[in-house]
Structures are given as C-alpha cells and as structure tokens.
Amino acid sequence: MSFKSKGELSTKSFVSKKWTFLLCLGCFCAGMLFTNRMGSVPESKGIMRTTAVEAEKLKLISEGCNLKAKEEKHVSKDIIGEVFKTHHAIQTLDKTISNLEMELAAARAAQESLLSGSPLSTDANRADTPRKRRYLMVIGINTAFSSRKRRDSVRATWMPQGEKRKKLEDEKGIIVRFVIGHSATTGGILDRAIEAEDRKHGDFLRLDHVEGYLELSAKTKIYFATAVALWDADFYVKVDDDVHVNIATLGETLVRHRKKPRIYIGCMKSGPVLSQKGVRYHEPEHWKFGEAGNKYFRHATGQLYAISKDLATYISINQHVLHKYANEDVSLGSWFIGLDAEHIDDRRLCCGTPPDCEWKAQAGNICVASFDWSCSGICRSADRIKEVHRQCGEGENALWSATF
C-alpha cells in the first residue's frame, strides 16, 4: 500500500471517530433531556393527584369529625333536655304527692276532732259546706274569757258583723273568728258566758283546749290544726284581740305570695333568751339556745303573723310531736326553723299607733296592723282602738272594692 493510501485511510478513520464521539454525546444529551422530561412530568402529576386525593380524604375526615361533633352536640342537648324534663316531672310529682298527703292528713285530723267530740263551735257542724270552696285566708283572733270589752271594740271597728261578715266570706273568701278554748271546769260559768256571746254574734271558733296564759303555744298549735281541718284556705292568720287590722291591706299583702308553697310572714325579730327566773318572757329551756346572752332564731312577733296552707297542714300532721316553748311566737318559729319555709319580714304588719300609722296612711303606705310595742298590743285597746281605727283605718270601701 502506498503512503497516500495510508494517509487517506487514517483521515477517514479520524473523522469517523470524531463524528462517532459527537453522535454519542448528542445521543447522551438527548437521552438525558428525554429522561428528565419523562420523569418529571409523571412525578408532578402523581404528586398533584396524590395531594388532591389526600385533600379529599382530609375533607371527608374533617366533615366526618364536624358531623360527629354536631351529632354529639345535638345528642348532648337532647340528653340535657330529657334530664330537665324528667327532673321537672319528678318535682311536680313530689309536690302532688305532698299535697295529697297533707290533704289526707288534714281530713283525718278533722275526722278525729269530730269523732272525739271536741267543742269546735257550730262551724264544725258546717264543716262540709265551707270545705267545698277555697278561701283566701282564715283570721283567728286570739282572745281570753276576760276580754269581752276587747272583743266588742274589735267588732265595733275592723271586724265586719252580721250580714257583712257573711258577705266577706262569700264574696272575698275571708273568714274571721275569735279563737278560744274552754275553762278548766267544763260547762262552768266562763264557758256559758262564751256560749251566750256566740249565740248573739256567731263569731267564735271553739277549740279542744284548756285556756291559760302558759298554754298559748298549745293553743296556737290547736288553732292551726283546727282551722285547716275546717276551711281550705291559702293562708291562716293569727292576731291578738288588742291589735288593729286593715283586712283589705292584709289580703293584698298576702296575695302577692299566693303562688309560694311555704310562707311564714310577719315582723321578724330575734330577741334575747331570758334565763332569769321571775322576769317577763322567762325561758325555762334557755340552756337549749347556748350560752347566756344568746338570742333566739328569727321568728315573727306574736301580735300578727300568717302562714300558708302547707305550713298549717304540717302543724296539723305533726302537732303531737311539735315542742312547745314558753313563748308562743318562739314555739311557732321553732316548728319552721328546719323546714324549707320562706321567712318574709314585712314591717307593715307591726306599725305603731298614731301618729306612726297615721303618717304612713297619709303617705299612701297603709299599715296592715297597728299596736304599741310597750304593751304588746294597743295600750288600753278597748278604749283606744276606735281612735286608732278612725286615724289609721283603710276605710270600709277599701275592703268591698278590693279584688284578691
């Protein structure tokens, strides 16, 4: 082979290798570019698809949680509502049972009183008639054998007489009676005097009770038990026969508390427990109230107070086990101290005599009851009650125009 031929072959070989290298390099780059595009696009779509799927799942989970929370909240409200309804139903049932028990006990007490032959005045013979209707209140005026003049002064002032008293019962639903028991000698001169007075006026409630100053707690207990057996009323009032009362104002005051089940209303006080013998209002059981110098629990002053039917029925049911202290107002307060009873302190139930009650009447704040604290009633009431009635009375028209 010649030198020229070898040179040409060498050049061709060199060119071939060069182009081959470039071709390989181009192919490599093209392959890398193609690979990157093919790899990146599917991967991006995959990520986007995965993200969308996961977002959908998260949305479903979130909605499921919210739905579950809403369902739980709704169920919780339903449960609370049912619990409230059940609790209300139980309370209503308890109240109904309590009322039925009290009415049954009151009926039994009335039956026992009638069967025992206790002197309950002529009202006992008419027990069936008044029990057919509901009265607003029964006012029991506590009196004694020696208080004839006081009773006449009350009849001449704030207590309606004759047909007016019957009208008061029929139209206003208010019963007013003097409350008295019998003497230690049954059928004696004292009892005969009361019977003659009752035949004339017909305004007594006779109790199966022996009268005596130290027996006022027992008398109070028997009065409420007897009154609740004879008359079905919203309130039962006790007042002394030396106190002036405005009946219409009393009725308007009590009506405000008509829907409350256990009401004890009066002028609340808490006097000292007197341990010294020989003093007025001495408490023989002073040691029960703690050390010397202690005070009584809150209770209404004895001149006038009122209790609701539930409390009067409670006394009737438990009269044989209720403890009697020396002071009647303390005894009554002790019977309610452990009960769920509402104590209402209303100072209009203990106004003073003129000028106190007169000034209040002129200011439009008419008093329910007026008396002198120094006398635990109106001092010389038989002589002065007409003056008190003239200056502090609400007027006869107030009673007949009142609506309860």
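Looking at an unreviewed UniProt entry, one finds the chain named Hexosyltransferase, with Theobroma cacao as its source organism. Within the UniProt record for the chain, the comment given under Sequence similarities (unreviewed entry) is "Belongs to the glycosyltransferase 31 family." A UniProt comment under Subcellular location (unreviewed entry) is attached to the chain, and it reads "Golgi apparatus membrane".

Student: When you look at the side chain of Gln-303 in this model, what are you seeing that I'm missing?
Tutor: Mapped onto the elements, Gln-303 comes out in strand E7 (residues 299–308). Side chain to side chain, Gln-303 and Thr-301 meet in a polar contact 2.5 Å long. With residues near it in sequence (within four places) discarded, Gln-303 still touches Lys-238, Val-239, Asp-240, Val-243, Phe-371, Ser-376 and Gly-377.

Student: Sorry if this is basic, but what is going on with the packing of helix H8 (residues 309–318) against helix H9 (residues 328–336) here?
Tutor: Working note: a packed helix pair is described by the angle between its axes plus the distance between those axes. In the contact formed by H8 and H9, the axes pass within 11 Å of each other and the chain directions differ by 100°. Here H8 is positioned roughly perpendicular relative to H9, judged by the angle of their axes. Across the interface between the two elements, Leu-311, Tyr-314 and Ile-315 of H8 pack against Leu-332, Trp-335 and Phe-336 of H9. Each residue belonging to the contact of H8 with H9 can be placed in one class, and the counts come to six nonpolar, no polar and no charged.

Student: Quick question: what am I supposed to make of the nonpolar core here?
Tutor: Nonpolar side chains in soluble globular proteins generally cluster together in the buried interior. Ranked by internal contacts, the top residues of the largest apolar core, which has 44 residues, are Met-137, Ile-139, Ile-141, Trp-158 and Ile-247. Grouped together as the second largest cluster of nonpolar side chains are 28 residues, Ile-175, Leu-207, Leu-230 and Ala-300 included.

Student: Got a minute to help me understand the pattern of salt bridges in this structure?
Tutor: Side-chain pairing between opposite charges can occur once the charged atoms of the two side chains come close. Taken as a whole and assessed by the stated rule, the structure comprises 28 salt bridges. As a salt-bridge pair, Glu-197 and Arg-151 come within 2.8 Å of each other at their nearest N and O atoms. With Glu-197 in helix H5 (residues 189–201) and Arg-151 in helix H3 (residues 148–155), the pair connects residues that are 46 residues apart, well separated along the chain. Note on accessibility: Glu-197 and Arg-151 belong to one class, buried. Between Arg-347 and Asp-345 there is a salt bridge whose closest N-O contact spans 2.8 Å. Salt bridges here are not isolated pairs; linked through shared partners, they connect Arg-148, Arg-151, Asp-152, Arg-155, Glu-197 and Asp-203.

Conventions used here
- Residues numbered from 1 in each chain as written.
- Predicted model: local features only at pLDDT ≥ 70, side-chain atom pairs only at ≥ 80, totals over all residues.
- Heavy atoms only, no water.
- UniProt positions renumbered as here; feature names shortened; annotations may be inferred.
- Helix = DSSP H or I, 4+ residues; strand = E, 2+ residues; numbered from the N terminus.
- Polar contact = N/O pair within 3.5 Å; in protein donor to acceptor, adjacent residues only side chain to side chain.
- Contact = heavy atoms within 4.5 Å.
- Axes fitted to C-alpha atoms, helices over the stretch in contact; angles between N-to-C directions.
- Parallel < 35°, antiparallel > 145°, perpendicular 65-115°, else oblique.
- Nonpolar A, V, L, I, M, F, W, Y, C, P; charged D, E, K, R; others polar.
- Core = buried A, V, L, I, M, F, W, Y, C linked by side-chain atoms within 4.5 Å.
- Buried < 20%, exposed > 50% of the residue type's maximum accessible area, 1.4 Å probe, protein only.
- Salt bridge = Lys/Arg side-chain N within 4 Å of Asp/Glu carboxyl O.

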